Each structure stands twice: as C-alpha cells, then as structure tokens.
Amino acid sequence: MSEARVINLTAVLECVTGLRIGGSEGPLAVGSIDNPIIRDPVTREPYIPGSSLKGKMRSCLERAYNKINGDRPCGCGEPDCPICVLFGPHFNTRHRLGPTRLLFRDAFYTAEQRERARKLMQEMGQEPVEVKTENIINRVTNQAQHPRQMERVIPGTEFEVNISLIVLRGEDENWFLRILAEGLKWLEDTYLGSSGSRGYGKIRFKDVRLDGKPWDRIV
Ligand SMILES: [Zn+2]
C-alpha cells in the first residue's frame, strides 16, 4: 500500500489578456482609481490570491461533475465526490473525508517577472499594470454614464503558482491528478478574476511540474 505523501505542483501562470482581481476599496486616497487590483501590502506588487485560484477551479469542476448545490459550493461529503475530497465539503462538519487535499498558495511574480517589472519601472516609469476606462451605457436612455476606471495587470505578466496535493495512505493519486489536470484546463478555457465575458483574465499555464519534474498533464 502506498504511503501518504504531498505532491507539489509548480507552474508559471501567464496572463494572455489583462487580468483583474479586485482589491479592497479601503479609504480612497486622493488621485487613486475607483477599482484597484489586489496587491501585496508590503511590496505593493500585484498577486493572485490562492483563494481566487481555488474558488474558480472549484466552481468550474462543480459544473463539470454536476455537483451544483444551488448557488452554494458542494458539501455532500461523499467519499467519491471529487469536489468535497479535494476542495473540502462546504459547511459540512460531520464528514469523514480527512484533510482538504488541495492547498493553493498565493501566486506572486516569478523572479523573471520581478526583474521585468523593475526594468519597466526604471526605463518607462511604470509597472506592468494599466488602467482601463470603461463606459457603462444606460440601456434606457442609451447615454454613457459616469465612466469607471478599472485597474488590471497587463498581458504577458507571469506569476508563480504553487499547489500542494495531499495523498493519504492507499489513495489513488492518479484520480486526484486527473481532476487537478482538468481543473487547470478549465481555468485556461474560461478565465480568472473579473470581467471574463469582456475578454479579461484569459490565462495559460507554462512549465507545469510535479515535484520539480515536467508534467504533461495527461493522466
Ligand atoms: Zn460533494
């Protein structure tokens, strides 16, 4: 019987289109924009919260596996439910599934990206972030209303993704890996963050590795 172990997945997440994950509004500073993206409070660099990756992958897979629970995440707690086993059963405290198997860490700039951002700032005086001004059209009067400003990370920006998969003694890791591969594909085929239906948030995973070894994601 196989021993319990942790498999570490690493990948580079590349923004194919502009990515927008909203930050907290907070008190608005003078000259700040309406809808800032989320940033590391210390470095001020944009990042992707692990909870954003987890939440989006979970909801895609819930749809794929028909585990829709009204408008709430699946909490069936059944041992054959890939959602509850991998992501944790929502609001179910009586399950016997053991620990949530997938842990998503916050995704920060890759080392190369940090260097590119530093150069961009040095040479152009700007970071890899843009502000888009969008008009909202009033559908009754057909007039443009107060335009809103949306901050987003520019295409080509790269973040380092770290996901840990816990496999308990005797469990079939290939089942877990197949679902994880599907989850990554769903993220690539849909979008991350907000305004996906308007073209934001298309992403791609590159250099996907399991415990440091290249993974072709076919399980
Ligand atoms: Zn479930």
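Per-chain numbering applies: the sequence of each chain, read as written, is numbered from 1 onward. Whole-chain, interface and lining totals are the exception, using all residues; otherwise, since this is a predicted model, local features are given only for residues with pLDDT of at least 70 and side-chain atom pairs are given and counted only at 80 or more. Neither water nor hydrogens contribute to the side-chain values; these are computed over all heavy atoms in the structure.

1. Topic: the overall build of the protein chain
Counted only if it meets this: What counts as a helix is a DSSP run of H or I of at least four residues, what counts as a strand is a run of E of at least two, and both are numbered from the N terminus. Exposed residues in this analysis have more than 50% of their type's maximum accessible area, buried residues have under 20%, and partly exposed residues fall in between, with area computed by a 1.4 Å probe over protein chains only. Contact between two residues is taken to exist if any of their heavy atoms lie within 4.5 Å; hydrogens are not considered. The method behind every accessible area is Shrake-Rupley, applied with a 1.4 Å probe, and residues are considered shielded solely by the protein chains displayed. His residues and chain termini do not enter the charge count, which takes Lys and Arg as positive and Asp and Glu as negative. The location of each charge is read from NZ of Lys, CZ of Arg, CG of Asp or CD of Glu.
For the protein chain, the helix and strand inventory stands at 4 helices and 8 strands. Listed N to C, the secondary structure of the protein chain is β-α-α-β-β-α-β-β-β-α-β-β in terms of helices and strands. Structurally, the protein chain occupies a C-alpha span of about 60 × 45 × 30 Å along its principal axes. Per-residue burial for the protein chain yields a buried fraction of 40% across its 219 residues. Summarising the internal contacts of the protein chain: among those between residues at least 6 apart in sequence, 65% fall at separations of at least 24. Total accessible area on the protein chain stands at roughly 12,400 Å², and carbon and sulfur atoms take up 51% of it. Across the protein chain, the mean location of the 32 positive side-chain charges is 3 Å away from that of the 29 negative side-chain charges.

2. Some words on the packing of aromatic side chains
Rules: The rule is short: rings of Phe, Tyr and Trp, with Trp giving its six-membered ring, pair when the centres are within 6.5 Å, and they are stacked under 30 degrees, edge-to-face over 60, tilted in between.
Overall, the coordinates contain 4 aromatic pairs when judged by the stated rule. Ring geometry for phenylalanine 87 against phenylalanine 104: centres 6.2 Å apart, planes inclined by 20 degrees, an arrangement best described as stacked. Taken together, the positions of phenylalanine 87 in helix H2 (residues 82-87) and phenylalanine 104 in strand E2 (residues 102-104) put the pair 17 residues apart, joining distant regions of the chain. Here phenylalanine 87 matches phenylalanine 104 in class, with each residue buried. Measuring from centroid to centroid gives 5.7 Å for tyrosine 109 and phenylalanine 159, while their planes differ by 40 degrees, and the two rings are tilted. In this pair, tyrosine 109 is assigned in strand E3 (residues 108-109) and phenylalanine 159 in strand E6 (residues 158-167), connecting sequence segments 50 residues apart. For tyrosine 109, a relative accessible area of 5% corresponds to the buried category.

3. What to know about the coordination of the zinc ion
The line we're drawing: Donor atoms (N, O, S) are those found within 2.8 Å of the metal centre, with the cutoff raised to 3.2 Å for Na, K and Ca; water is not part of the atom list, so apparent gaps in a site can occur. Angle rules define the geometry names used: all angles between 85 and 135 degrees makes four donors tetrahedral, while opposite donors over 155 degrees apart and all other angles between 65 and 115 make four donors square planar and six octahedral, leaving every other case irregular.
Those protein atoms acting as donors to the zinc ion are Cys74 (SG), Cys76 (SG), Cys81 (SG) and Cys84 (SG), and they sit at 2.3 to 2.4 Å. Coordination at the zinc ion is tetrahedral, judged from the 4 donor atoms that bind it and the angles of 101 to 115 degrees they form at the metal.

4. Observations regarding the state of the cysteines
By definition, a disulfide links two cysteine residues through a covalent bond between their sulfur atoms. Keep this limit in mind: Sulfur atoms of two cysteines make up a disulfide when they are within 2.5 Å.
A full pass over the atoms with the stated rule returns 0 disulfides. Cysteine 74 supplies the cysteine sulfur nearest to cysteine 60, a cysteine that is in no disulfide, at a spacing of 15 Å. In this structure cysteine 60 comes out as buried when scored by relative accessible area, which is 1%.

5. Description of the side chain of threonine 110
Residue position: threonine 110 is located in the loop between E3 and helix H3 (111-124). In contact with threonine 110, not counting residues within four places along its chain, are Val12, Glu158, Phe159 and Glu160.

6. Concerning the environment of leucine 13
In this structure, leucine 13 sits in strand E1 (residues 5-15). Between the alpha carbons of leucine 13 and phenylalanine 205 there is a distance of 4.7 Å; along the sequence they are 192 residues apart. If we skip the residues at most four places from it in the chain, leucine 13 touches Ile48, Leu53, Thr157, Glu158, Phe159, Val161, Leu192, Ile203, Arg204 and Phe205.

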